[in-house]
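Examination of the molecular architecture
Here are the chains, one letter per residue:
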Amino acid sequence: MSLISIKELSKEQILTILAKALEMKQKPPGPILQGRVMASCFFEPSTRTRLSFESAMKRLGGEVIGFSDDTAIATQKGESLHDTMKVIGHYCDIVVIRHPLEGSARGASEATDKPVINAGDGANEHPTQTLLDLFTIQECQGKLDALHLAFVGDLLHGRTVHSLVYALKQFDVRLYFVSPPSLSIPDSLCDELKKAGVPFSFHHSVDEVVGKCDILYMTRVQKERFADLEAYARVKDQFILTTETLKRAKKNLKVLHPLPRVNEIAREVDETDYAHYFAQAENGLYVRQALLSKLLGES
Ligand code: CP
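Residues numbered from 1 in each chain as written. Predicted model: local features only at pLDDT ≥ 70, side-chain atom pairs only at ≥ 80, totals over all residues. Heavy atoms only, no water.

**Observations regarding the packing of helix α6 (residues 159-168) against helix α7 (residues 187-196)**
- Where α6 contacts α7, the axes come no closer than 10 Å and their chain directions differ by 10°. With respect to α7, the element α6 is oriented roughly parallel. Considering the relative orientation of α6 and α7, their crossing is left-handed. Touching His-162, Val-165 and Tyr-166 of α6 are Leu-189, Glu-192 and Leu-193, all from α7. (Axes fitted to C-alpha atoms, helices over the stretch in contact; angles between N-to-C directions. Helix = DSSP H or I, 4+ residues; strand = E, 2+ residues; numbered from the N terminus. Parallel < 35°, antiparallel > 145°, perpendicular 65-115°, else oblique. Left-handed = near helix turned anticlockwise from the far one by under 90°. Contact = heavy atoms within 4.5 Å.)

**Considerations on the pattern of salt bridges**
- All chains considered together, the criterion is met by 14 salt bridges.
- Linking Arg-106 and Glu-8 is a salt bridge whose minimum nitrogen-to-oxygen distance equals 3.2 Å. Highlighted residues: Arg-106 in helix α4 (residues 104-111) and Glu-8 in the segment before α1 (11-26), separated in sequence by 98 residues.
- For Arg-106, a relative accessible area of 36% puts it in the partly exposed group.
- Classification of Glu-8 as partly exposed rests on a relative accessible area of 31%.
- Here Arg-50 ties to Glu-54 by a salt bridge, and the two come within 3.3 Å at their closest N and O atoms. Here Arg-50 pairs with Glu-54, and both are found in helix α2 (residues 48-59), just four residues apart, close to one helical turn.
- Taking the relative accessible area as the measure of exposure, Glu-54 reaches 15% and is therefore buried.
- Salt bridges here are not isolated pairs; linked through shared partners, they connect Glu-44, Arg-159 and Arg-225. (Salt bridge = Lys/Arg side-chain N within 4 Å of Asp/Glu carboxyl O. Buried < 20%, exposed > 50% of the residue type's maximum accessible area, 1.4 Å probe, protein only.)

**Remarks on the state of the cysteines**
- Enumeration over the complete set of coordinates arrives at zero disulfides.
- Free cysteine Cys-140: the closest other cysteine sulfur is in Cys-213, separated by 12 Å.
- For Cys-140, a relative accessible area of 18% puts it in the buried group. (Disulfide = S-S within 2.5 Å.)

**A short note on the sheet that holds strand β7 (residues 200-203)**
- Taken together, the five strands give an open sheet; going across it, the order is β7-β6-β5-β8-β9, and neighbouring strands pair in parallel fashion. Every interior strand has two partners, whereas the edge strands, β7 and β9 (254-256), have only one. Direction aside, the axes of adjacent strands within the sheet are offset by 20° on average.
- Two strands pair when backbone bridges link them, and strand β5 (residues 147-152) and strand β8 (residues 215-218) are joined in this way by four bridges, in the parallel orientation. Bridged to Val-152 within β8 is Met-218.
- Lying over the sheet, helix α5 (residues 127-141) contacts β5, β8 and β9, oriented at roughly 150° with respect to β8.
- Against the sheet, α6 touches β5, β6 (173-178) and β8, its axis set at about 160° to β5. (Pairing = 2+ DSSP bridges.)

**Quick look at the sheet that holds strand β2 (residues 63-67)**
- Sheet architecture is open: four strands sit in the order β2-β1-β3-β4, paired in parallel fashion. Strand pairing shows two members of the sheet lacking a second neighbour, β2 and β4 (116-121), which therefore form its edges. Averaged over all pairs of adjacent strands, the angle between strand axes in this sheet comes to 15°, irrespective of strand direction.
- Lying on the sheet, helix α10 (residues 277-295) is in contact with β1 (37-42), β3 (94-99) and β4; it crosses β4 at an angle near 140°.

**Brief notes about the nonpolar core**
- Core analysis: the biggest nonpolar cluster contains 57 residues, and Leu-131, Leu-149, Phe-151, Val-165, Leu-175, Phe-177 and Leu-292 have the highest contact counts within it.
- In terms of residue count, α10 provides more of this core than any other element does, seven residues in total.
- Setting aside chain neighbours within four positions, we find Leu-131 in contact with Leu-3, Ile-6, Leu-9, Ile-14, Ile-17, Leu-18, Val-287 and Leu-291.
- With 21 residues, the next largest nonpolar core counts Cys-213, Leu-216, Phe-239 and Ile-265 among its residues. (Core = buried A, V, L, I, M, F, W, Y, C linked by side-chain atoms within 4.5 Å.)

**Concerning the site of the ligand**
- Neighbouring the ligand are Ser-46, Thr-47, Arg-48, Thr-49, Arg-98, His-126, Gln-129, Pro-258 and Leu-259.
- Separating an oxygen atom of the ligand from a backbone N or O atom of Thr-47 is a distance of 2.8 Å.
- Between the ligand and the protein, one listed contact pairs a nitrogen atom with a backbone N or O atom of Leu-259 at 3.1 Å.
- Burial of the ligand by the protein amounts to 92% of the accessible area it has alone, namely 250 Å².
- In this structure the site holding the ligand corresponds to the largest pocket.
- Across the shell around the ligand, the residue classes tally to two nonpolar, five polar and two charged. (Near = heavy atom within 4 Å. Polar contact = N/O pair within 3.5 Å; in protein donor to acceptor, adjacent residues only side chain to side chain. Areas by Shrake-Rupley, 256 points an atom, 1.4 Å probe, with all protein chains shown as cover. 1 Å grid on protein atoms, 1.4 Å probe; cavity = no way out; pocket = protein on both sides within 12 Å on 5 of 7 lines; lining within 4 Å. Sits in = over half its atoms within 2 Å of the grid points. Nonpolar A, V, L, I, M, F, W, Y, C, P; charged D, E, K, R; others polar.)

**With respect to α1**
- Compared with an ideal rise of 1.5 Å per residue, which puts 16 residues at 22 Å, α1 spans 23 Å between its outermost C-alpha atoms and is within 8% of the ideal.
- Burial in α1 covers these residues: Ile-14, Ile-17, Leu-18, Ala-21 and Met-24. In a view along the axis of α1, the buried residues occupy a sector of 120°, so they form one face of it. Exposed residues on α1 whose side chains face more than 90 degrees from its buried face are Glu-12, Thr-16 and Gln-26.
- Along its buried surface, α1 packs onto α5, α6 and α10. (Expected span 1.5 Å × (residues − 1). Arc of directions from axis to C-beta.)

Next comes the structure, spelled out in structure tokens:
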């Protein structure tokens, strides 16, 4: 089984992975993936996703091959992604791929019979980030239902937002979308929410929603998705969360961010009880351990 889109996982499957991740966080499982090899294929920069996957595999006793810079592999000579993945599939038991093109992870999964995990395909999806986001929400709020969540920033290009919003439609939540008009969440996702009966609304300021929500999910404006850098410059610093804004927050509010951040959360927020984004990044390790063990058939 591969994981290309969060749409492939039922609520029950998601909850099972989260429960496994919690077990792994509480008690490291030891070398259950000894002798297995993960190919870590990163055609786009990454700190958290790549290193937490590689650390997860190694901590479970497995081996890692791969690359973090596609200038060092034969695609530079004109080899297609399909051929590259077909060959890499012979050298490993599981593939983790990040690529700038939407649909690339699906294409990779069609080229090999080994499980493929989408570690981010362009502006499309980032399903493993969703699993760690849900794990973190459950951890800091004690539940995944009866929650109000606000998404702030680049909701058009933010693949972590797309996957998380899709997953949340399976839960009892109320959503607020805060973005510049040019970076609104895609209509297709709004249609999904309407079909699922999830209430949501659009806003142009964090002040409008900060007193209502339990989770404030900040995101970076994705410079690399803009063809026009002047358009990027116009929106890049539109939403900067400060301690002043947080004076109106509910006591239980937690601020999440998939990271990396640029300017959208002031450093002063790090020192508050609201900040939970570094704990969120740590959780990537346990969730990816749980996912690797599930996809490689370990119980
Ligand atoms: N959240 C996330 O995908 O971070 P990286 O780009 O560092 O992997």
